[in-house]
Amino acid sequence: MRLRTYLILSYLALIVVLSAGAWFIDAHVLGEVTKSSIKIADQAMSNVTSDHVLHSDRILTLMGQYVVKDKAEDVARELAYILKGKKLDDYAKLRRDPGLRAMAIQSIYTPHGPAGYTDLYDRDGYILFHPDKNVEGRNQLDWQKEYPETTEMIKRSFKENHVQGFYTFFDKDKKERQRFSVRVHVPGTRFIVAAIVNLDEFFLPAQQRMKESCQLATVQAKERIEAHYAALNRDVMIGGLFAGLALCLVGGLSGLYFAAAISRPISRLRDGVRQVGEGDFAVAVPVRGVREVADLAVSFNDLGKQLTEYIEKRDFIRDTFGRYVTQEVVTKLLESEGALDMGGEIRDVSLIMSDLRGFTAIIAEMDPEEVIIFLNRYLSRMIEILLDHRAVIDEILGDGILAFFGAPEPQEDHPARAVACALSMQAAMDEINAENEAEGLPHLAMGIGVNTGSVVVGNIGSERRTKYSVVGSDVNFASRMEAFALAGQVLISAATYARVRDLVEVAGVLEAEMKGMPGRATLYDVRSIGAPYNIRLPDKSEQLSELPEPRGVRIHRLKDKIITGATGRAWVTHLCDTAARVTSEGPLEAWEDLRLAFLDDNQEPTPGHIYGKVTQVTPLMDGRFEVRITFTSVPAGLCQTVGRPPGTD
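Think of each chain on its own: its residues are numbered from 1, step by step along the sequence as written. Given that the model is predicted, a residue must reach a pLDDT of at least 70 before its local features are reported, and side-chain atom pairs must reach 80 or more before they are shown or counted; all residues, however, enter totals for whole chains, interfaces and linings. Excluded from the side-chain calculations are hydrogens and water; all other atoms, namely the structure's heavy atoms, are used.

So, about the packing of aromatic side chains. Here is the rule: rings of Phe, Tyr and Trp (six-membered ring for Trp) pair when centre to centre is within 6.5 Å. Planes less than 30 degrees apart are stacked, more than 60 are edge-to-face, and the remainder are tilted. Under the definition given, this model contains three aromatic pairs. Arranged with centres 4.9 Å apart and planes meeting at 50°, the rings of Phe-166 and Phe-180 form a pair that is tilted. You can see Phe-166 sitting in strand β4 (residues 162-170) and its partner Phe-180 sitting in strand β5 (residues 176-185), a full 14 residues away along the chain. Between buried and exposed lies partly exposed: a residue is buried under 20% and exposed over 50% of the maximum accessible area for its type, with that area taken using a 1.4 Å probe on protein chains only. Since its relative accessible area comes to 34%, Phe-166 is described here as partly exposed. Look at Phe-180 and you get buried, because its relative accessible area is 1%. In this description a helix means any DSSP run of H or I spanning at least four residues, a strand means any run of E spanning at least two, and both kinds are numbered starting from the N terminus.

Structure follows, in structure tokens:
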């Protein structure tokens, strides 16, 4: 039925009702109207009172919070002044001080009387002063089962200087009530002031006055309605002057009824739109009412289905995109205005650069499928650790990883977070190698460099291909650092060390000259980091054993993993699984990369190559050089075979 037809029928019905309405104008109708008016007045006053109580609760709660917080801070300052210079470990003596007790235990007043109090306890939970002397000397934590909310707030106050919050309790009548508490450290002491107030003490007087006002207003409204009814009834009984007015009133009520038949479906649509705005895209409204309104309801229901499909597609795109870009970057790109604009900003970040030692040589004779499984096992564990520490992975180049902390979202603790992440990555290598060994795969060793500094971070590239990345000299410095890290080692720069020196334990300090970097750089070999991370790498010993007789070895220099030439004759004199001491006729430079092959009795290379890095060079009196080499890649069992006495298997 069309809307126009519906309105015509409504007006016809209205005329019929108005014609019959004259027969019903009497005191009974007016009496019912009066009763309805009184009921509406009662409901209206109740609603107004409820709204006033709600707003007063909010206002008084804020006022209560301010009063309690101000009281706690005042008491803490005054106690700090009084306790200055006193012996604070003699609790019994402190309790005998009436001035100190009066200062520590104070009532918190409202205009209607006391509503709360203050007390004092130490950072172990022992109560020094309390309004109830029976609990003084006991530990707050003794009641953690009965009052878990309060106990949690007390535990937080041991570590945090300022703690506040609400918690519930049951009074002596078993009625649930609410308290607000603020806990503040007393400066220069190990004591904590607690200010506690019963919030409903603020509310009851005001609420009682509002209820009394509501009752008075309701009585007055009833009296006025009844007086109006009496006057109106008298006037109606006197004459029929108001008959037309009564008919119009009844007609108006009839019109409202028919209008409601039109507005009800529209109200349902309005409620449905609100639910969609709150994220409920599955909401559907009944298809009722006039044709135009019913068509609108059908279109609205179709819109909900379309929105549901759109959200599913959007989530699929987000999840797929997140496999190629770090989730923090995905969120920034999808939810921030101008996130795709080219450009960047200078940010203080911490960078991690890691690389596997001798990986190119390890995979040289492996099948491609085996290489992918081998590499993905390593990368999966490293990426998991990086994401757990909220790192942004900038780049994965083969076996190398570049990641950074402190962008796009700021992280105040990014230096410590980066060091903890690097130590976790190194600690995970034992687990990875255990799995490799179980499957007959080679052993992996990794070096990591961590640097902190200012870089440019943002969208780099072009309109067709963009990457969220970091650039700057500190990125290059991190790359140079990583090249100096030995297998299983985490090296951090002086800039990073300055930010975490109170948290880390350093095994050694290295002075290194880096290509393209002025002067000598100081690098720190970090072995552990303290709370809240508590990560420690296992100690690794390089105890060299002297060989029964020197063993000939052929040494090739490496640069960027490419052989650049061979050195003169050389002999291994001392050996262990991770390092060797070599006597060389040719000079070698500290920190250069080498490839070693042991020689047989015919001075021919034996199967298997060892890759390593020169860590120390000492000139000898006869013109030769004593060199210490730390291995980065060793074939399984090769060192044990070489170290056996001649004539053994």
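Picking up where we left off.
Buried residues dominate strand β22 (residues 625-633), accounting for seven of its nine residues. Across six bridges, the pairing between strand β19 (residues 579-584) and β22 is antiparallel. In the sheet register, Val-582 faces β22, and the bridge partner there is Val-627. Pairing between two strands is assigned when DSSP locates at least 2 bridges connecting them. Where strand β21 (residues 610-619) lies against β22, eight bridges are found, and the strand directions are antiparallel. What sits directly across from Thr-618, in β22, is Glu-626. With antiparallel pairing between neighbouring strands as the criterion, β21 and β22 make up a hairpin whose turn holds five residues, including Gly-623 at a positive phi of roughly 90°.

We now examine a nonpolar patch on the surface. On the surface, a nonpolar cluster with roughly 330 Å² of combined accessible area is contributed by Ile-346, Val-456, Ile-460 and Val-471. By secondary structure assignment, the location of Val-456 is in strand β10 (residues 446-461). Within the patch definition used here, like charges are joined within 9 Å and nonpolar side chains (Val, Leu, Ile, Met, Phe, Trp, Tyr) within 5 Å, considering only residues with over 30% relative accessible area and no salt bridge. The Shrake-Rupley method, run with a 1.4 Å probe sphere, supplies the accessible areas, and residue values consider only the shown protein chains as cover. Salt bridges are counted wherever a side-chain nitrogen of Lys or Arg sits within 4 Å of a carboxyl oxygen of Asp or Glu.

A word on the layout of surface pockets. Grid spacing is 1 Å over the protein atoms alone, the probe is 1.4 Å, and a cavity is where that probe fits but cannot get out, while a pocket is an open set with protein on both sides within 12 Å along at least five of seven lines and lining residues have an atom within 4 Å of a point. Grid points are joined across faces, edges and corners, and a volume is the space filled by probe spheres set on the points. In this structure, the second largest pocket encloses a volume near 1400 Å³. As for the second largest pocket, its lining consists of 44 residues, and the residues nearest its centre are Ala-483, Lys-559, Asp-560, Asp-593 and Lys-613. Among the elements that line the lining of the second largest pocket, the one with the most residues is helix α13 (residues 473-484), at five residues. Here the term charged refers only to Asp, Glu, Lys and Arg, the term nonpolar to Ala, Val, Leu, Ile, Met, Phe, Trp, Tyr, Cys and Pro, and the term polar to all other amino acids, Gly among them. The residue makeup of the lining of the second largest pocket, split by class, is 19 nonpolar, seven polar and 18 charged.

Attention now goes to the confidence of the model for the protein. Scored from 0 to 100, pLDDT reflects the predictor's confidence in each residue. Per-residue confidence for the protein gives a mean pLDDT of 79; residues scoring 70 or more make up 73%. Confidence, read as mean pLDDT per element, is least for helix α9 (residues 327-335) in the protein (57) and greatest for helix α14 (residues 494-500) (95). Whether two residues touch is decided by their heavy atoms; if any such pair falls within 4.5 Å, the residues are in contact. Scored below 50 in pLDDT, residues 320-324 makes four contacts in the model with residues more than four places away or belonging to other chains.

Here we take up the nonpolar core. Membership of the largest hydrophobic core comes to 44 residues, with the highest contact counts inside it found for Ile-352, Tyr-378 and Met-382. Residue contributions to this core peak at 11 residues, all from helix α12 (residues 414-438). For Ile-352, the contacting residues outside a window of four places in its chain are Leu-386, Ile-401, Leu-402, Ala-403, Phe-405, Ala-418, Cys-421, Ala-422, Met-425, Ile-448, Gly-449 and Val-450. Among the nonpolar cores identified, the runner-up in size contains 26 residues, and Ala-80, Leu-83, Phe-129 and Phe-180 belong to it. Buried residues of nine kinds, namely Ala, Val, Leu, Ile, Met, Phe, Trp, Tyr and Cys, make up a nonpolar core once their side-chain atoms join them within 4.5 Å.

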